[in-house]
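In case you want the letters, here they are:
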Amino acid sequence: MTECTPEGFDFPPLKRRRIEARFSGGDITSDGGLLLLRQADRRLGLLEAVNAKLPDARDPRYVKHDLLTLLRQRVYALCQGYEDLNDHDQLRGDPALQTATGQDRMLGSAPTLCRLENRMDRKAAIAIHQVLVEQFIASFAEPPEELVLDFDATDDRVHGLQEGRFFHGYYDAYCFLPLYVFCGEQLLVSYLRPSKIDGAKHAWAILALLVRRLRQAWPGVDIIFRGDSGFCRHRMLGWCERHGVHYIVGLARNRRLEAMVEQPMGLIERRQQLTGKKQREFFPLIYRANAWSKSRRVIAKLEVTDKGRNPRFILTDLPGDGQPLYERLYCARGEMENRIKEQQLGLFADRTSAHHWWANQFRLLLSSLAYMLMESIRRLALHDTELAHAQVGTLRLKLLKIGAVILRNTRRIQFLLSSAFAYQRLFCTVAERLVPG
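Everything quoted here is computed from the prediction, not taken from an experiment.

Colleague: Which residues make up the overall build of the chain, and what values do they have?
Modeller: Broken down by element type, the chain carries 16 helices and 18 strands. Across its three principal axes, the chain shows a C-alpha extent of roughly 80 × 60 × 45 Å. Long-range contacts, defined here as pairs at least 24 residues apart, represent 64% of the contacts in the chain between residues at least 6 apart. With an accessible surface of roughly 22600 Å², the chain has 50% of that area assigned to carbon and sulfur atoms. Both charge centroids of the chain, one from 64 positive and one from 51 negative side chains, sit 2 Å from each other.

Below, the structure is given as structure tokens:
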């Protein structure tokens with residue numbers, strides 16, 4: 001039976017050897033991989049750019065923890081899996097986190113970080129989004145020929161009386177309805193919204209701002225707007241057509257659309273009944289809704305399975321055959337949903353439990369900054385490795401959660417990483433690749 005004292009533990013023996021556990025190891029951390037996050041941040045200049053954009057109205061005579069250190073402390077901790085402010089009551093003394101943030105003393109407490117969150121406002125949210133977009137532009141060594149901007153909304157469920165929370169009938173819960181914009185795996189926008197709105201609310205304005213900035217950087221780039229049927233809004237599509245932005249969006253099925261494909265759908269249905277196998281074909285349409293000023297091209301996916309008919313429709317102004325447009329281009333938007341899951345499940349983007357609205361928007365953006373650091377490690381240093389497509393939770397477990405003894409003196413800081421760490425070569429490769437160019 002385990003014997004416990006305040007100094008340690010005695011566990012049942014292994015063969016003839018006693019097993020003892022004592023709290024006498026000195027400065028030891030389970031987060032040795034914080035060094036990689038520090039290196040990635042230095043490579044991007046990410047949090048320094050955010051710090052330069054945010055004002056700090058505190059009286060410097062009474063400031064112990066500068067804004068940049070607090071930002072690093074909070075974002076690095078999210079990357080390492082610490083979602084709550086309360087975690088920092090213990091983390092602030094971790095020598096690995098102190099070293100990563102550029103300090104050698106106690107970091108900010110939970111109340112200090114809470115005050116930081118509650119100082120944020122609309123201007124701060126805009127400033128951080130500007131950094132996200134500028135980081136995206138800086139990630140290209142050469143001008144891209146084409147950019148696909150993925151728009152999607154998701155539910156962020158709340159369990160308190162936060163400002164701006166409302167009941168949403170579709171999700172059957174009180175929630176926020178944040179809007180995300182990704183290009184590939186890179187994040188451009190994470191915009192917190194109340195849930196009592198249309199899912200496409202403000203998407204038009206955000207698209208216009210993004211297109212203007214991206215074309216300032218790359219005048220000749222082709223831009224494609226991609227989204228599900230929630231973003232099929234005729235005014236937004238008209239804006240895209242007037243400004244040379246291509247679009248491919250879902251189109252909700254209705255009686256008119258189903259009547260237009262009734263004949264080919266009937267043939268496919270009979271073929272399925274004869275063969276017993278799933279049948280799928282793509283059928284082009286020219287369709288005009290009552291509110292539209294013009295007719296537009298629709299691609300119908302006509303599918304019949306043993307469970308019955310399953311028609312789907314997309315709307316696009318892109319040239320080409322319907323099948324590759326649907327299967328290769330439109331369906332690729334599903335990858336964006338994986339990126340949103342990474343943020344919510346792996347980096348706690350849904351930890352919006354502060355009372356005030358802008359504090360919760362800031363929390364969402366802190367998660368976004370953490371995602372950018374993790375994505376940069378994957379993109380810049382893991383592209384040809386076994387972890388090239390690993391999600392952030394896997395990266396954390398396999399690359400960042402490393403036991404280390406930390407020795408500090410006046411001349412140097414040593415991280416004695418675990419000799420049993422399974423990814424030693426990969427860790428060294430990543431560290432080398434993240435050295436600022």
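Colleague: So what's going on with the sheet that holds strand β8 (residues 173-176)? Which residues, and what values?
Modeller: In spatial order, the strands read β6-β8-β7; together these 3 strands make up an open sheet with antiparallel pairing. Both outer strands of the open sheet, β6 (156-157) and β7 (166-168), are each paired with one neighbouring strand and no more. Here β6 runs beside β8; their pairing, made up of 2 bridges, is antiparallel. Bridge pairing in β8 links arginine 157 to cysteine 175.

Colleague: Which residues make up unusual backbone geometry, and what are the values?
Modeller: What is expected of a backbone is that most residues other than glycine have negative phi and most peptide bonds are trans. A positive phi angle, near 75°, is found at histidine 202, a position not held by glycine. Inspection of the secondary structure assignment puts histidine 202 in the loop between β10 (186-191) and α8 (203-217).

Colleague: Report on helix α9 (residues 234-242), specifying residues and quantitative values.
Modeller: Along α9, the residues that are buried comprise Met236, Leu237, Gly238, Trp239 and Cys240. On the buried face of α9, the contacting elements are α8, β11 (222-227), β12 (246-250), β14 (296-305) and β16 (312-316). The positive-phi residue at the C-terminal boundary of α9 is glycine 244, with phi of around 70°.

Colleague: Describe in detail helix α6 (residues 110-119), supporting the description with residues and values.
Modeller: Regarding α6, the residues found buried are Ala110, Thr112, Leu113, Leu116 and Glu117. For α6, the arc enclosing every buried residue in end-on projection is 160°, short of the 170-degree limit, so these residues lie on one face. Residues of α6 that are buried sit in contact with α3 (67-80), α4 (88-91) and α14 (357-381).

Colleague: Which residues make up the packing of aromatic side chains, and what values do they have?
Modeller: In this structure the tally under the stated criterion is 16 aromatic pairs. Judged by centre distance (5.3 Å) and plane angle (90°), the ring pair of phenylalanine 176 and tryptophan 357 falls under edge-to-face. With phenylalanine 176 in strand β8 and tryptophan 357 in helix α14, this residue pair connects regions lying 181 residues apart in the sequence. By the burial criterion, phenylalanine 176 is buried, and tryptophan 357 matches it. In textbook terms, an aromatic cluster arises when at least three aromatic residues are bridged by ring pairs, as seen for Phe136, Phe140 and Trp218. Sitting above the plane of the tryptophan 292 ring, arginine 296 keeps its charged end 5.0 Å from the centroid.

Colleague: So, the sheet that holds strand β4 (residues 28-29): which residues are in play, and what are the values?
Modeller: With antiparallel pairing, 3 strands are arranged side by side in an open sheet as β4-β17-β18. For this open sheet the edge positions go to β4 and β18 (413-417), each flanked by a neighbour on one side alone. Where strand β17 (residues 404-408) meets β18, 5 bridges bridge the pair, whose relative direction is antiparallel. Looking at β18, one finds that alanine 404 is bridged to leucine 417.

Colleague: I'd love a proper account of the environment of leucine 207, names of residues and values included.
Modeller: Its location among the elements puts leucine 207 in helix α8. Each C-alpha atom of the pair leucine 207 and tyrosine 170 lies 25 Å from the other, and the pair is 37 residues apart in sequence. Each residue touching leucine 207, except ones within four places of it in the same chain, is listed here: Leu149, Phe151, Phe225, Met236, Trp239 and Cys240.

Colleague: Can you tell me about the state of the cysteines, naming the residues and giving the values?
Modeller: As enumerated under the stated definition, the model contains 0 disulfides in all. This cysteine, cysteine 240, is not joined by any disulfide, and cysteine 232 carries the nearest cysteine sulfur, 11 Å off.

Colleague: Would you mind going over the layout of surface pockets in detail, with residue names and values included?
Modeller: Within this model, the largest pocket holds a volume of roughly 750 Å³. Lining of the largest pocket is provided by 26 residues; of these, Ala125, Ile126, His129, Ile206 and Leu209 occupy positions nearest its centre. Among the secondary structure elements, those contributing two or more residues to the lining of the largest pocket are α7 (122-138), β10, α8 and α14. Among the residues forming the lining of the largest pocket, the class breakdown is 15 nonpolar, 5 polar and 6 charged. Within this model, the second largest pocket holds a volume of roughly 500 Å³. In terms of lining, the second largest pocket is formed by 20 residues, of which the most central are Asp152, Ala153, Thr154, Tyr171 and Asp228. Those elements giving two or more residues to the lining of the second largest pocket turn out to be β5 (146-153) and α13 (334-346). No other element matches α13, which puts 5 residues into the lining of the second largest pocket.

Colleague: For the nonpolar core, give the residues involved together with the corresponding values.
Modeller: By size, the foremost hydrophobic cluster in this structure holds 75 residues, and its most contacted members are Leu37, Leu54 and Val430. No other element matches the 13 residues that α14 contributes to this core. Non-local contacts of valine 430, meaning those with residues more than four positions away in its chain, are made with Leu36, Ile377, Ala381, Leu382 and Leu399.

Criteria and thresholds
- Residues numbered from 1 in each chain as written.
- Predicted model: local features only at pLDDT ≥ 70, side-chain atom pairs only at ≥ 80, totals over all residues.
- Heavy atoms only, no water.
- Helix = DSSP H or I, 4+ residues; strand = E, 2+ residues; numbered from the N terminus.
- Contact = heavy atoms within 4.5 Å.
- Areas by Shrake-Rupley, 256 points an atom, 1.4 Å probe, with all protein chains shown as cover.
- Lys, Arg positive; Asp, Glu negative; His and termini not counted.
- Charge placed at Lys NZ, Arg CZ, Asp CG, Glu CD.
- Pairing = 2+ DSSP bridges.
- Buried < 20%, exposed > 50% of the residue type's maximum accessible area, 1.4 Å probe, protein only.
- Arc of directions from axis to C-beta.
- Phe/Tyr/Trp six-rings, centres within 6.5 Å; stacked < 30°, edge-to-face > 60°.
- Lys NZ or Arg CZ within 6 Å of the ring centre and 35° of its normal.
- Disulfide = S-S within 2.5 Å.
- 1 Å grid on protein atoms, 1.4 Å probe; cavity = no way out; pocket = protein on both sides within 12 Å on 5 of 7 lines; lining within 4 Å.
- Points joined across faces, edges and corners; volume = space filled by probe spheres on them.
- Nonpolar A, V, L, I, M, F, W, Y, C, P; charged D, E, K, R; others polar.
- Core = buried A, V, L, I, M, F, W, Y, C linked by side-chain atoms within 4.5 Å.

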